[in-house]
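Listed below are the residues making up each chain.
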Amino acid sequence: MKQIAIYGKGGIGKSTIAANLSAAMAMSGMRILQVGCDPKQDSTRLLLQGRKALPVLEYIRKTKPEERGLNAILHSGFAGVACVEAGGPEPGVGCAGRGILTAFELMQSLNIAGCDFDVAIYDILGDVVCGGFAMPLRDKYADIVYVVTSGEFMSLYAANNILRGVRNYEKNGARMAGLIFNERGLPHEKDRIQRFADAVRLPVIASFPRSPEITEAERLGQSLTEAFPDSFLAVCFRDLAKEILQFPPPYAAQPLSPDNLEAIILGNEMVTAGTISESALHESRIPASARHEAALPIPAPLPPKQYHSKSVRAHEALHGCAFNGAIHTLMQIGNTAILAHGPRSCAHISYIGMASSALRVERRNGNSFEVSSLASIQSSEMDETISIFGGGESLEKGILNSLGSNPEALFVVTTCASGIIGDDITKSVEAARARMRTEIPVIPIQTDGDIAGDYMQGIINAMMAVADHFIDPEMPFDPDAVNIVGEKNLAGNTDANFNTVRDLLHELGLGINCRFLRNCTGIQLKQFKRGRLNLLASADRCGRSIRDFLIDRYQASFLDDPFPVGFEATADWLKRIADVFEKQNDADAIIEHNRKLYETALSALRPSLAGKRVFVVTPNYQIDWLLSLIADLDMEIVKLGVLNSVWDDAFATRYEGHFPIELSYTQQKRDEEVHTLAPDLMLTNGFWEDRPASVRIDAIPLVPDVGFFSGLTRAERWGRLMQLPEKEGWRDDLS
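Residues numbered from 1 in each chain as written. Predicted model: local features only at pLDDT ≥ 70, side-chain atom pairs only at ≥ 80, totals over all residues. Heavy atoms only, no water.

**Things to note about a nonpolar patch on the surface**
No. 1: Taken together, the side chains of W647, L702 and V703 define a hydrophobic patch exposed on the protein surface, amounting to about 240 Å² of accessible area.
No. 2: With respect to the helices and strands, W647 occurs in the loop between β17 (636-643) and β18 (661-665). (Patch = residues over 30% accessible without salt bridge, like charges linked within 9 Å, V, L, I, M, F, W, Y side chains within 5 Å. Areas by Shrake-Rupley, 256 points an atom, 1.4 Å probe, with all protein chains shown as cover. Salt bridge = Lys/Arg side-chain N within 4 Å of Asp/Glu carboxyl O. Helix = DSSP H or I, 4+ residues; strand = E, 2+ residues; numbered from the N terminus.)

Next comes the structure, spelled out in structure tokens:
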């Protein structure tokens, strides 16, 4: 697909010219896509008989990620032209440039390239060529660029600015194709256009005089090819379309300095520069039977599979920052470095968060996860000036500095600040590579702070990038090796749980090949496929997304169940692993040995707990370990209230029908029913200020300990709670 960008000052007529070119090309049998990149959202109205296309940004705002599809934003216009409007915020609100970036990212994620168009025409506002509006200039989009201009000084000033923007993206070759002159009928206008064209060394490939036919076609909401196909200007557009479709060799952008621009264009003329707005577009008054039907159907290719966290998937408030999630994940790969493209405070806060968690683990479990093993984080040190003028140079400098330490790999992770201004980090990475002349891989990870999603989405994005860089898909597997996948970054018991799993596997005669991604090295990641079986640490939405990606991309084999919590889950988990590795006798022996220990512990706890009524309220969606323990202790569950989870969206239990279970439970109901149900013990994930003083309450861990004896320590606490008075005596002193 050839891609053409048409830039020009607002109101100069670029949308009219783009629409007429699209119509002319489509009438010649080409499959055309026109994308309007102006917040006015009027680029495609002449192709849609005056109708307004649903803007991409409005669609994104109203539609959940998993429900999005191309058909909703692709509109079939005159002669089968596929029409898309990026849209934008209300005037004076938000950032239109960031909106263009977001719209392009969605079209790419929905596989618009799979529609097999012959030509894509991008109609872009050119008054300000910021990072967002420069998106079509990036290498993966516009192959050639045309600038629409009149002879007005401000129009030529905007054209010169556009040339400056194009020059910044010409690393891989020239892309300017010429100027399109939209005449205003001003004195000396043609001379001025020619002087400018000669000075910037570009041809004027077409001139369009002011015409009442254009005004009338716009009033009808149609292109000239549709409204007046035999008119002189319609013929001119067809001729221009033929010339453009020849795709002659492009020219290098050679913009003028501001002083030279004024001297060359104005000279000694006394001219007041002004602008003329494009004509207003109205609903077509031509009968529907007289309109051209869409000649080419718009296909709906399947987009690449998306891997989302629960918050992103559910289109709800985000919990945490994707930048932090990515940073905390990448910090655990040894001999690598991380460059945060943003203010230094972002890098500092993220590092402190992970280091604090590591210190807690050190104090609890010894030196199983040392702070010194964490990868270093540097910052491109964005400030207000960089935010205004772009951070490409500071990022390139930061990459060169980070590569100086000779890491095994360098990850470049974007923050909100760099995402909002639309910095092209791929361009900076390539420029730094060319200057450094090093073989060290530099891996960009686009999180844009929390623009890409929440903390969990950052983990997913980082793991996918790491997998695609490190994993050798041809690596043969070791018959007695497994991988651990998706351990929690910040949970205090992550390494303790790993040790439990490692010891159980060791008893089966199995070894751990790679922890993906925890306290690992590049070599271990490269040899990921040596693991014959992959064991998922947590089967929440984040863990399942990582699992699905590794299955889809690398045909990784996974055990159905995550790390086991509780006796029965652990026994089943060991049996399934034993079936894969043909070690059933070993598994049976392990289970029987631990069953005796488990039953002994239960016998000691039952006298104080049997028959006690338990009320469970939790956002944990994998809670059977707790329900099984309560049942094993002969306690009675009076109700399970499942609060909405910020991590998961798939609750399931094998205890359905055994006792009342209410999903989408609320804290208000909890406060009411804790009195009416009158439990002996309430188990929940946190305490609240006005909880009843007479109710014994204990906490449920968000990340429980794994293994045969999960929860027994907590059950011992329940036994002690049962021996205490329902209400502490000191509370009576308050009255």
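**Comments concerning helix α6 (residues 212-220)**
No. 1: Among the residues making up α6, those that are buried are I214, A217, E218 and L220. Taken around the axis of α6, the buried residues stretch over an arc of 160°, which confines them to a single face.
No. 2: Elements that come into contact with the buried residues of α6 comprise α1 (14-27), α7 (224-227) and α8 (232-244).
No. 3: Taking the backbone nitrogen of E213 as reference, a side-chain oxygen 3.1 Å away marks S211 as the first, capping residue of α6.
No. 4: Trailing α6 by a residue or two, G221 shows a phi angle of about 70°, which is positive. (Buried < 20%, exposed > 50% of the residue type's maximum accessible area, 1.4 Å probe, protein only. Arc of directions from axis to C-beta. Contact = heavy atoms within 4.5 Å. Polar contact = N/O pair within 3.5 Å; in protein donor to acceptor, adjacent residues only side chain to side chain.)

**Some words on the nonpolar core**
No. 1: L33, I73, L74, F104, V145, M176 and F196 are the most contacted members of the largest nonpolar core, which has 58 residues in total.
No. 2: Per-element accounting of this core gives the leading share, 7 residues, to helix α3 (residues 96-109).
No. 3: Membership of the second largest hydrophobic core comes to 54 residues, among which are I591, V616, Y621 and I630. (Core = buried A, V, L, I, M, F, W, Y, C linked by side-chain atoms within 4.5 Å.)

**Description of unusual backbone geometry**
No. 1: Geometrically, the link from F516 to L517 is a cis peptide bond, its omega value of 15° lying close to zero.
No. 2: Relative to the elements of secondary structure, L517 occurs in the loop between β14 (511-516) and α19 (522-526).
No. 3: Residues other than glycine seldom take positive phi values, yet R201 does so here, at roughly 60°.
No. 4: Positionally, R201 belongs in the loop between α5 (189-200) and β8 (204-208).
No. 5: Taking the relative accessible area as the measure of exposure, R201 reaches 56% and is therefore exposed.
No. 6: The residue Q555 is not glycine, and still its phi comes out positive at about 50°.

**Digging into the sheet that holds strand β11 (residues 410-414)**
Neighbouring strands of a sheet are bound in pairs by backbone hydrogen bonds; such pairs are parallel or else antiparallel.
No. 1: Strand order in the open sheet formed by 4 strands is β10-β9-β11-β12, and the pairing between neighbours is parallel. The outermost strands of the open sheet, each flanked by one partner alone, are β10 (376-379) and β12 (442-445). Adjacent strand axes in the sheet meet at a mean angle of 25° when their direction is disregarded.
No. 2: Judged from the 4 bridges that link them, β11 and β12 form a sheet pairing that is parallel. Within β12, the residue paired with V412 across the bridge is P444.
No. 3: Each of β9 (337-341), β11 and β12 touches helix α16 (residues 425-436); the most contacted strand, β12, lies at about 170° to it.
No. 4: Relative to β12, helix α17 (residues 455-470) is tilted by about 155°, and along the sheet it contacts β11 and β12. (Pairing = 2+ DSSP bridges. Axes fitted to C-alpha atoms, helices over the stretch in contact; angles between N-to-C directions.)

**Re the sheet that holds β14**
No. 1: The strand order β14-β13-β15 describes an open sheet built from 3 strands, whose pairing is parallel. At either margin of the open sheet sits one strand with a lone partner, and together these are β14 and β15 (531-536). For this sheet the average axis-to-axis angle between neighbouring strands, irrespective of direction, equals 30°.
No. 2: Note: strand β13 (residues 478-485) against β14, 5 bridges, orientation parallel. Looking at the pairing, I484 lines up with R515 of β14.
No. 3: Strand contacts of helix α18 (residues 494-507): β13, β14 and β15, with the helix running at about 150° to β14, the strand carrying the most contacts.
No. 4: The sheet contacts of helix α20 (residues 541-554) involve β13, β14 and β15, and relative to β15 the element is tilted by about 160°.

**Observations concerning the packing of aromatic side chains**
No. 1: Here the structure, examined in full by the defined rule, presents 15 aromatic pairs.
No. 2: Through a chain of ring-to-ring contacts, the aromatic side chains of F567, Y598, F708 and F709 assemble into a single cluster.
No. 3: Positioned over the ring face of F247 is K2, at 5.1 Å from the centre of the ring.
No. 4: Cation over ring: K427 sits above Y169, and NZ or CZ is 4.3 Å from the ring centre. (Phe/Tyr/Trp six-rings, centres within 6.5 Å; stacked < 30°, edge-to-face > 60°. Lys NZ or Arg CZ within 6 Å of the ring centre and 35° of its normal.)

**Focus: helix α21 (residues 567-581)**
No. 1: Here α21 is 15 residues long and its end C-alpha atoms lie 21 Å apart, about the 21 Å a rise of 1.5 Å per residue gives.
No. 2: A positive backbone phi angle near 55° is found at E582, which sits one or two residues after α21. (Expected span 1.5 Å × (residues − 1).)

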